[in-house]
Every structure is written in structure tokens, then in C-alpha cells.
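Here are the chains, one letter per residue:
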Amino acid sequence: MLSMLQAAPPPNPGTWAGSEPPPGVIARILGAVWDAMVTTTPADYVFSAFAILAIVAAIATVTRKNPVVAAVCLVASFFCVAICYVMLSATFLAALQVLVYAGAMMVLFVFVVMVLDVDDKGAADQPRTRSSRRGLYYGFAAVVIGILTWIFWGTVTRQFSTTGREVPSDFGTAQSVGRELFGPALFAFEAVSLLLLAAVIGAVVVARSRRERLKEALALGFSEDDMHIAGLGAADTEVARGDLTDEQVRRPHPAMDFGQPSAGGHEGGN
Amino acid sequence: MVSLISPLILAFALFVIGMVGVLVRRNVLIMLMSVELMLNGANVALITFSRLWGDLDGQVFSMFVIAVAAAEAAVGLAIVVSIFRTRASADVDQLTTLRD
């Protein structure tokens, strides 16, 4: 890794013309690209096509202003990555990718976006509230990307112009992955099922509305002094006395009232 | 048979795009989607190295990553929904408290 940095500046710039270029970073990268080109197979073309599509869709996900469009681009990216999994003989993972990512999670995303009624207007027109942080974010991103690129080229140019070991024909099928999953990885599998259960319960608890919590607290017989147990302040008890209209229930807590949201209540955007 | 350079480039690209999305965007929904992209990039790398060594452990681990990503999306979106109830904003710069 260090030799890559040291080899980068040519020792004597005057001897560049007419002589062999020093074996620096550029030469290694070009060599790796050349190796990849001469060993290209039809599978490589298929993989590259869908990998490029996945990257384009990922860039679209990050750059779109409308979250619905971004979610659809993310689905496209996940589908293309699933095809790349097939080319890497991970057929079961490809099916899982389509079912879990492109199916369940994206439905969840699109559903939430629709429920929240987010659009591309609103915050996009406002300047960033603390714009000095922005340089910090970009700087951090640049540093991490630089480190990743350095490690990445250091490994890629050395050893990965290979197609890997010979694998049996059932490599990556549901049967072989399942044997691994319910054999050595059984404990981790059970732990993950517990994690998913905890996540489901947590999601339901967190996403409850003030009205639902108020109803539950009243149904459990909490007195007005005990409303803090349900996360409800003294201001809610007067709501509890009267009829539960939407406006009363959705009103922010006095201590947390930061004024009116922008017109229409839409703040999607950048 | 795929040369294993291109999957690594794909994993790298997906991870970096996701990271840039998390750091630069302000919409919390887009940030969650970018986190999914980063996890997906990690999955591609895991499956690539699983293929390199002819060992299924990488694919099993990648399955666990998918499960954790699903849990993360569920909890994250629940938090977003509960924030939207009182704030009506997806701008993370304006989010300083989880209470309503």
C-alpha cells in the first residue's frame, strides 16, 4: 500500500519521453483494466450491464427530490443487483433480494411516503439552516471516499482479476444455503428472528399516535396525574376531558411548539 | 464466470453513493434509502468474497444483513411517521428532539 504512494511521482520527469513509464499507480490500474478486458466473458457483459444500471439507479435515488421517485429508482437498483447476485452464483440470495428488499421494504417505503404526503416542494426552496455544516459533510465524505478508493485499488490491482474457486453446481441454492443456515449459523438465525420481533414491536410502539396513546391510557384507568406514564403531559388531560377532535389531539405540546409549519404542511425536498 | 473485479467495483460504487446520500441529503426518507444502498453494497462485497473462496458463510451473513436492514427500515420509518405527526417536516436539520 505504501509503495503505491511512493511510486506515484516519477523519479526524473526528464526521462519520461522515449523510455518505459515507471510502474506506478496509473500503470497498475491500466494493467488491471487490461487484464479485465482480455479475460472478458459473456457473463461479464451481462454482469456489467446490470451493474451499470444498478449504479445509475442508485445515483438517481440519491439525487431525486421526490421521495416516491427515489423509492422507485431504489427498487430498480435492487432488481439489477439481484441479477448481479445470480451471476455470482447466489441464486437464493437473489430471490431473497427481490422478495425482501424490492418487495416488502419498498412497499413499506412507498406506503410511508404516501401516508406522510411528502412532495418535492417545501424545504428544497429554503436555505440550509446551518450551512457551515455542509462543508464538514462534504469534507468527511471526501476523506472516507479517498480512503476507500485507496484500499480498493490496492486490493483490486493485486489479486482480483480471477473468477474465484471452482464451486459445486449447487453453490448458493436454497438447499445449500439452508444447510449452512440451520447448521453452523443456527444460533445467529434464532437471534435474528428475535431481533425482527423486537423491531416489529418497537415500530408499532413508536408509530402510535397521541390519540391512540390517550385512548389506551384512559382505557387502563390512568388518572390525570398519571398521564406522564403514557408519555402525555398535563396539557393533554384537558383534551382527555373533552371530545377527541383531530385538531386538539394533534396540537404540539406547548413546550415543543415551534410555530406554524410551512403552508400546506409539506416539507419534502432536498 | 464473472471476473471478480466488477462485483467489487459495483459494491464500492453502491456504498459510496449511499454514503454521499446520507451525508448530503436533508430529507430523512432519502437518507434511509441511502442507508439501504450502503447495506446493499456491503452485501455485494460479501457475496463476491463468498464466491471467491467458494464458501457459503458469506451468503449466510449477507442474509443476516438483509434481515437487519429490514428491521432498521421498519424502526426508522416508524420514527419518521411519529416525527411527521407533530412536525410535518422531513428536514433532519430541524429535528432536535424525539418528543412530541
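Residues numbered from 1 in each chain as written. Chains lettered and ligands numbered in written order. Predicted model: local features only at pLDDT ≥ 70, side-chain atom pairs only at ≥ 80, totals over all residues. Heavy atoms only, no water.

## Observations concerning the nonpolar core
Okay, so step 1: Counting residues in hydrophobic clusters, the biggest one holds 62 residues, and the most contacted among them are Y85 of chain A together with L10 of chain B.
Okay, so step 2: Listing elements by their share of this core, those giving two or more residues are α3 (42-63), α4 (67-87), α5 (91-116) and α7 (174-181) of chain A together with α1 (5-24), α2 (28-53) and α3 (57-87) of chain B.
Okay, so step 3: The biggest single contributor to this core is α3 of chain B, with 12 residues.
Okay, so step 4: Non-local contacts of L10 of chain B, meaning those with residues more than four positions away in its chain, are made with F47, A51, A54, I55 and C84 of chain A together with V44 of chain B.
Okay, so step 5: Core analysis: the next-biggest nonpolar cluster, separate from the first, contains 5 residues, V144 of chain A together with M19, L23 and M38 of chain B among them. (Core = buried A, V, L, I, M, F, W, Y, C linked by side-chain atoms within 4.5 Å. Buried < 20%, exposed > 50% of the residue type's maximum accessible area, 1.4 Å probe, protein only. Helix = DSSP H or I, 4+ residues; strand = E, 2+ residues; numbered from the N terminus. Contact = heavy atoms within 4.5 Å.)

## Quick word on the interface of chain B and chain A
Interfaces are often sized by the accessible area lost when the parts come together.
Okay, so step 1: Taken together, the 78 residues of chain B in the interface contact 94 residues of chain A.
Okay, so step 2: Taken together, both faces of the contact between chain B and chain A bury some 8100 Å²; the carbon and sulfur share is 72%.
Okay, so step 3: Here chain B is connected to chain A by 0 salt bridges.
Okay, so step 4: If you look at where chain B meets chain A, you find 5 residue pairs in polar contact (both at pLDDT 80 or more).
Okay, so step 5: Contributions of two or more residues to the side of chain B that touches chain A are made by α1, α2 and α3 of chain B.
Okay, so step 6: Counting residues per element, the side of chain B that touches chain A draws most heavily on α3 of chain B, which supplies 24 residues.
Okay, so step 7: Of the residues belonging to the side of chain B that touches chain A, the class tally is 50 nonpolar, 16 polar and 12 charged. (Buried area = accessible area lost by both parts, 1.4 Å probe. Salt bridge = Lys/Arg side-chain N within 4 Å of Asp/Glu carboxyl O. Polar contact = N/O pair within 3.5 Å; in protein donor to acceptor, adjacent residues only side chain to side chain. Nonpolar A, V, L, I, M, F, W, Y, C, P; charged D, E, K, R; others polar.)

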